[in-house]
Amino acid sequence: MSGLVGQVGARSGIVGSTTDSTQLDHEEGEYQVTSLSTGGGTVPISGGYDMLSYVRIGSMVHVGGELIVSGTLSSGGDGALRIPLPFAVKNKTDSAESFNGSLALFYVNIDGGTNGLTTRVVGGSTYATMLCTRDQNSYVSITGGNIASNSRLTFSIHYITSA
């Protein structure tokens, strides 16, 4: 595969003639994240580390970057940390819209027994949730109470959008 989008031929992986349906929209950019929501409270993000990058090709969106926390959880709910997304996640049947992404955390207090870290999106949402996995359990939320000022959150997320 050549990686060429919207061109035809053996090397592009698209065989046949180019039509409007084979021309994929392409967009890339950055967006600012000033805080992370926790379902009631917020966690502030440092002004020098508050930009995320995205690339959208057709309906597939790839988001990534590193955020640095600049304070502690505000009053309010202490649910799972939520990373805002540039486009809404498409609703599909049977959780076909659910995607996981990679997540690396630095200076974050996670309980013992954690096997892995991930981000997860579900249909209709406008955010990705930060989660960890444990034996004999499903996902466990990473909450505002797990992080402190100067915590680093590095991640990569991909998902399908309806935008």
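Structure: see above.
Residues numbered from 1 in each chain as written. Predicted model: local features only at pLDDT ≥ 70, side-chain atom pairs only at ≥ 80, totals over all residues. Heavy atoms only, no water.

### Notes on the environment of Thr143
Next, step 1: By secondary structure assignment, the location of Thr143 is in the loop between β10 (139-141) and β11 (147-160).
Next, step 2: Sequence separation between Thr143 and Asp78 is 65 residues, and the spatial gap between their C-alpha atoms is 5.9 Å.
Next, step 3: If we skip the residues at most four places from it in the chain, Thr143 touches Asp78, Gly79, Ala80 and Leu81. (Helix = DSSP H or I, 4+ residues; strand = E, 2+ residues; numbered from the N terminus. Contact = heavy atoms within 4.5 Å.)

### Observations concerning the nonpolar core
Next, step 1: If you look at the biggest cluster of nonpolar residues, it comprises 32 residues, and the most contacted ones within it are Leu36, Ile157 and Tyr159.
Next, step 2: Listed by contribution, the elements that provide at least two residues to this core are β4 (51-57), β5 (60-68), β7 (99-108), β9 (127-134) and β11.
Next, step 3: For this core, the element with the highest residue contribution is β11, accounting for 6 residues.
Next, step 4: Apart from residues no more than four positions distant in its own chain, Ile157 is found in contact with Val61, His62, Val63, Ile83, Leu85, Gly101, Thr119, Val121 and Ala128. (Core = buried A, V, L, I, M, F, W, Y, C linked by side-chain atoms within 4.5 Å. Buried < 20%, exposed > 50% of the residue type's maximum accessible area, 1.4 Å probe, protein only.)

### As for the pairing of β11
Next, step 1: Two elements, β5 and β11, share 9 bridges in a ladder whose sense is antiparallel. From the neighbouring strand, Gly65 faces β11, where its bridge partner is Phe155.
Next, step 2: Strand direction decides the pairing type here: β7 and β11, joined by 6 bridges, are antiparallel. Note that in β11 the partner of Leu105 across the bridge is Leu153. (Pairing = 2+ DSSP bridges.)

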